[in-house]
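Remarks on the overall topology
Letter by letter, the chains look like this.
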Amino acid sequence: MEDNVFDKVHEVDLKKTMEQSYIEYAMSVIASRALPDVRDGLKPVQRRVLYSMIELNNGPDKPHRKCARIVGDTMGKYHPHGDSSIYGALVNMAQPWSTRYPLVDGHGNFGSVDGDGAAAMRYTEARLSKISMEMLADINKDTVDFKPNFDETEKEPVVLPSRFPNLLVNGTSGIAVGMATNIPPHNLREVIAAVVKIIDNRIEEDRETKIEEILKIIKGPDFPTGAQILGTRGIEEAYRTGRGKIRVRAVTNIETMPNGKSHIIVTELPYLVNKARLIEKIADLVKEKKIDGITALTDESSREGMRINIELRRDVNANVILNQLYKHTQLQDTFGVIMLAVVSRGNDILQPKVLNLLEMLDYYLKHQEDVVTRRTKYELNKAEERAHILEGLLIALDNIDEVIHIIRGSRSTQIAKESLMARFELTDAQAQAIVDMRLRTLTGLERERLEAEYAELMKRIGELKAILADEKLLLGVIKKEITEISDKYGDDRKTSIGFDEFDFTVEDLIPEENVVITMTRLGYIKRMTPDNFKSQNRGGKGIKGMQTIDEDNIEELFMTSTHEYLMFFTNLGKVYRLKAYEIPEAGRTARGTAIINLLQLAPEEKITAVIPIREYNEDHYLFMATKKGLVKKTPITDYANVRKTGLAAISLREDDELIEVKFTDNHKDILLVTAYGQCIRFHETDVRSTGRVSMGVIGINLMDGDEVVGMQLDCQGEYMLIVSEKGMGKLTAMEEFKVQNRGGKGVKCYKILEKTGNVIAAKAVNYDSDIMIINTEGIIIQMPCSDISVLNRITSGVKLMNLEKDVQVASITKVRES
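Given the structure is predicted, the values throughout are model-derived calculations rather than measurements. (Residues numbered from 1 in each chain as written. Predicted model: local features only at pLDDT ≥ 70, side-chain atom pairs only at ≥ 80, totals over all residues. Heavy atoms only, no water.)

Further remarks concern the overall build of the protein. What the protein contains, in helices and strands, is 18 helices and 41 strands. Computed over its C-alpha atoms, the radius of gyration of the protein comes to 38 Å, more than 25% above the 28 Å expected for a compact globule of 818 residues. Put simply, of all contacts in the protein between residues at least 6 apart along the chain, 72% involve residues at least 24 apart. Mean positive and mean negative side-chain charge positions of the protein (111 and 124 charges, respectively) differ by 3 Å. (Helix = DSSP H or I, 4+ residues; strand = E, 2+ residues; numbered from the N terminus. Rg over C-alpha atoms; globule rule 2.2 N^0.38 Å. Contact = heavy atoms within 4.5 Å. Lys, Arg positive; Asp, Glu negative; His and termini not counted. Charge placed at Lys NZ, Arg CZ, Asp CG, Glu CD.)

Below, the structure is given as structure tokens:
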């Protein structure tokens, strides 16, 4: 008996056995578990879940079914593994914050962004989503290969037809043995537009597509949770090489409360960041005193969307706190892209491969060519079979009396079939159809229907054969069908691509164009395109230019270009700098962004003057004027290196304020206009050049209670436009203002009456200029200067803007020529 035991023992080499077993295990994990197929972007478990659901007839037009039933079917028929892994895959495909375009429509508790798990599968229900029907479309038309399941009792698809590029659209992540994949989700419209571009290049120009063409169409990943990608360098590296790091930042907004406290409001988080854990982390940082200045932290998220409210102490700089949060928490995160997928090398050999963006799209398009070719062959085969039957029926109808005679005279169906085949040279299938023919087929209408069906079939057969014979027609079919999917399911981007200070290519992507910048007294700023406004006649009411809040009104309105620097001068005498394109664009009626989100202002600091500037040249100066009539001239090169935290620009007295700054060349005349209607004109050379932190010298001697409202250069226009608080205004020729020495009282330039109110603004304009006037309610009117009367100095002018009671003109600006 013992001998028999030893007969069953085989001596093997442990090293070889371990190597062989491990390699087999590794290959199984790579090919059949962790990595997606490049053609449909699915891992085996996901493909099997979707196929089980279509087998269960669990489509979007049917009621939801228990997830336990779906998981049971998948496990019993195709996926012999644990139910938790199958249910996990099902849940992931149903979560709108995990999957960009969910493939499963879940009903019940499918978890949350806070990391809560889904309810047990006996409680939840699911069905296929509408877009997942495009993944499975035409699967019953021999479009893909089927293979036996694990026990060879069923057949399962090797890959799904996937009528849209799911691998890029929904992305995926997975860890295999010795390799991992992490493909971000993308916008459906952009990815399909890229596939269409490849098709168009092949149809119209017979050429392959370059990756540069695709990079212009697919801007970057589009995460389901939104957020903002910083810069384009990481995106481009990932798309060109298949590997790269993309920095993603939460969408935050700093809001200033009436009590002076600032709140940081977080509305979108980077992809796959757990909200509850993030809040916990911020609380720990406050507890450990790593971040000082946060007084309260609340999660105010609801059905309307995400909202984390971080309340700050009154004396802290909100931008500093925000930067600390970016550094220490997942408010700023890095998404490491590894575009690894399983590629079929024929003969069922699968190979994992890192692909760039263009290769992924090429593999997908190759799959679609295969799917549509196979579907066309299947439909052609079916159409030819039906046409063949119809030919037999039409022969029978042409000879119906003889056919009836043969059938009536036959002892059995088989003899009748053989007789018909011999008499009319029919095939077995045609003879069978004639024998099965019903009497109603003999009616005239029915015959016409058969003839119409036959004609339609012959036309369809011609079309199908043409598609199979011409690759360009085949590509045209793919383009048409994929474009329909884009139109039906496509949506706007959720993730914006923002500016990154370490990324120098961003300016090249922004076209140079004129923009209107508006800013309110409470510091809300926005950028708009000038085509929002059309010229109107003077005396009109204007159109809404900004939604202001109580106790806020428009203070600044000017036109610049996207590529110019904006120098922001503050009441504390500091200067900050931004490029115009860095100011977020907003609609005509939107309030805009709080300036504190863009500049690191101190708690009591407010912007008082803004000047657009293109470059810092030698022999050019910044000429400044304050409310109290002081003027100062400083070389522009002194302001060339503005730090993030600002730069000292001018020393101001406590009750004084910087009102206007001009870019000059030391050859201009300066004109100062006051609220009481006085104006002085003097040569710029009367003011000597001083350093950044000097106070300046007296420009105009003011009466008690008067203040300077505008400073202009003589070269800016032929006329001086002067506008009063109550919407009156006029043009006065520049020659009427004689040159004096600085420091005098000036001359009368506007006649102030009760119906006019004080002077609010002055601009040097030409007769063919357009101007914009904005009132304290945010209403803007644009009009040509040619509509405004030219009058002498001591007059009040005509009505330019119709104002309601208690509403005043806030600001005016000159519209730039393109």
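Following the structure, the description resumes.
This part covers the packing of aromatic side chains. A ring pair, where both rings are aromatic, is described by two values, the distance of the centres and the angle of the planes. Enumeration according to the criterion identifies nine aromatic pairs in this entry. Each ring, one from Tyr-51 and one from Phe-146, has its centre 5.8 Å from the other, and the planes form 65°; the classification is edge-to-face. Here Tyr-51 is found in helix α3 (residues 44-55), whereas its partner Phe-146 is found in strand β4 (residues 146-148), with 95 residues between them in sequence. Cluster of aromatic residues (ring-pair linked, three or more members): Tyr-51, Tyr-78 and Phe-146. (Phe/Tyr/Trp six-rings, centres within 6.5 Å; stacked < 30°, edge-to-face > 60°.)

Our focus in this paragraph is the sheet that holds strand β34 (residues 719-724). As summarised here, the arrangement of the four strands in space is β37-β34-β35-β40, forming an open sheet in which the pairing is antiparallel. Each edge of the open sheet is held by one strand with a lone partner, namely β37 (759-765) and β40 (798-799). Pairing of strand β35 (residues 728-733) with β40, which is carried by two bridges, proceeds in the antiparallel orientation. Among the inter-strand pairings, Gly-729 is bridged to a residue of β40, identified as Val-798. (Pairing = 2+ DSSP bridges.)

Let's shift gears to the UniProt feature "active site" (unreviewed entry) in the protein. UniProt's entry tags Tyr-123 with the feature "active site" (unreviewed entry), counted in the numbering of this structure. Structurally, Tyr-123 is set in the loop between β2 (104-107) and β3 (125-128). (UniProt positions renumbered as here; feature names shortened; annotations may be inferred.)

Our focus in this paragraph is the nonpolar core. Leu-50, Phe-164, Leu-188, Leu-357 and Leu-361 are the most contacted members of the largest nonpolar core, which totals 81 residues. When residues no more than four places from it in sequence are discounted, the contact partners of Leu-188 are Tyr-101, Ile-131, Phe-164, Val-169, Ile-485, Ser-486, Tyr-489 and Gly-490. Residues Leu-285, Ile-308, Leu-312 and Tyr-326 belong to the second largest nonpolar core, which totals 26 residues. (Core = buried A, V, L, I, M, F, W, Y, C linked by side-chain atoms within 4.5 Å. Buried < 20%, exposed > 50% of the residue type's maximum accessible area, 1.4 Å probe, protein only.)

Turning next to the domain arrangement of the protein. Taken as a whole, the protein is organised into domain 1 (42-159), domain 2 (251-330), domain 3 (363-489), domain 4 (506-614) and domain 5 (655-817). Averaged C-alpha coordinates put domain 1 and domain 5 at centres separated by 71 Å. (Domains from an automatic or database assignment.)

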